[in-house]
Amino acid sequence: MWSCVKNFFTYETTKSVVVKSWTIGIINRIVQLIIISYFIGWVFIWEKAYQVRDTAIESSVMTKVKGFGNYNNRVMDVADYVTPTQGGSVFCIITKMITTENQVQGYCPETEKYNCTKDSDCTKYRHRPGGYGIFTGNCVPFKTNISMCEIKGWCPAEIDTIKTEPMNDVENFTIFIKNSIRFPTFNYTKGNFLPSITNEYIKKCNFNKEKDIYCPIFKVGDILKNAEQNFTQLANTVKTAIAFFK
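Reading guide: rules and limits
Residues numbered from 1 in each chain as written. Predicted model: local features only at pLDDT ≥ 70, side-chain atom pairs only at ≥ 80, totals over all residues. Heavy atoms only, no water. Pairing = 2+ DSSP bridges. Helix = DSSP H or I, 4+ residues; strand = E, 2+ residues; numbered from the N terminus. Axes fitted to C-alpha atoms, helices over the stretch in contact; angles between N-to-C directions. Salt bridge = Lys/Arg side-chain N within 4 Å of Asp/Glu carboxyl O. Buried < 20%, exposed > 50% of the residue type's maximum accessible area, 1.4 Å probe, protein only. Disulfide = S-S within 2.5 Å.

1. Brief notes about the sheet that holds strand S7 (residues 133-143)
The strands making up a sheet are joined through hydrogen bonds of the backbone, oriented either antiparallel or parallel. Pairing is antiparallel across the open sheet formed by 3 strands, whose spatial order is S6-S8-S7. Single-partner strands in this sheet number two, and they are strand S6 (104-109) and S7. Pairwise comparison of adjacent strand axes, ignoring direction, gives a mean angle of 30° for this sheet. One ladder, built from 6 bridges, connects S6 with strand S8 (residues 146-155); its direction is antiparallel.

And the structure:
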């Protein structure tokens with residue numbers, strides 16, 4: 001113990017040896033010059049290696065949504081509320097929809113702020129595209145004591161002022177996201193699906209910033225919460241869909 005204490009309170013300096021030899025000195029400077037010339041001449045000026053960029057980046061994203069919802073007394077599965085067909089890097093989850101039954105090509109009154117009392121009120125819109133078709137220039141009855149400009153298109157026209165309840169089950173849906181990126185020039189690949197992840201782990205995990213940061217399964221409600229968005233407000237917006245992008 002006393003020896004350790006004495007060694008601790010000691011002062012040391014490095015010993016420098018100077019060899020006065022022309023041969024060794026010339027070899028030393030030549031080696032230094034070669035190293036400096038390699039970095040300046042070859043790496044920086046000729047190859048410009050510090051500016052190398054990989055333009056052939058390969059990336060892929062696979063997504064999969066899971067969950068069942070109840071909308072207008074109808075059970076909705078993935079095929080009903082996800083568009084386009086899932087598997088790609090971009091998809092939308094529909095939270096609210098308005099369905100217009102039995103639409104066919106024909107003539108019918110417009111439903112968007114085109115009130116009229118006579119045909120001359122609609123003539124100025126003739127042959128122009130409306131909200132749901134092309135105006136004919138005629139004023140036709142819409143409801144009792146209400147007339148609208150007539151259109152040619154898909155009839156009956158959609159009425160988007162109908163109040164419907166959103167599919168609140170969306171908040172509990174889960175999204176599986178698997179992505180990877182590869183830089184061929186540097187032979188480097190990175191992804192979010194770790195080799196240590198097993199099938200058993202995937203079946204029971206949900207992403208959590210503290211406990212499961214490597215889980216590739218995300219809950220819709222958690223995503224919106226972390227994005228500082230209010231699910232109820234988004235879901236009640238007419239024609240709203242929650243969208244996730246690559």
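That covers the picture; the talk isn't over yet.
2. Overview of the pattern of salt bridges
According to the stated counting rule, one finds 3 salt bridges in the structure shown. The shortest N-O distance in the salt bridge between Arg74 and Asp80 comes to 3.5 Å. The class for Arg74 is partly exposed, based on a relative accessible area of 47%. Residues Asp121 and Lys118 are paired through a salt bridge, measuring 3.5 Å at the closest nitrogen-oxygen approach. Judged by its relative accessible area of 23%, Asp121 is partly exposed. By relative accessible area, which is 46% here, Lys118 ends up partly exposed.

3. Points about the state of the cysteines
Scanning the model with the defined rule gives 4 disulfides in all. With a sulfur-sulfur separation of 2.0 Å, Cys116 is cross-linked through a disulfide to Cys139. A torsion of 95° about the S-S bond marks the disulfide between Cys116 and Cys139 as right-handed. Separated by 23 residues along the polypeptide, Cys116 in the loop between S6 and helix H4 (120-123) and Cys139 in strand S7 bring together distant segments of the chain. One exposure class covers both Cys116 and Cys139, and it is buried. A disulfide bridge connects Cys205 with Cys215, and the sulfur atoms are separated by 2.1 Å.

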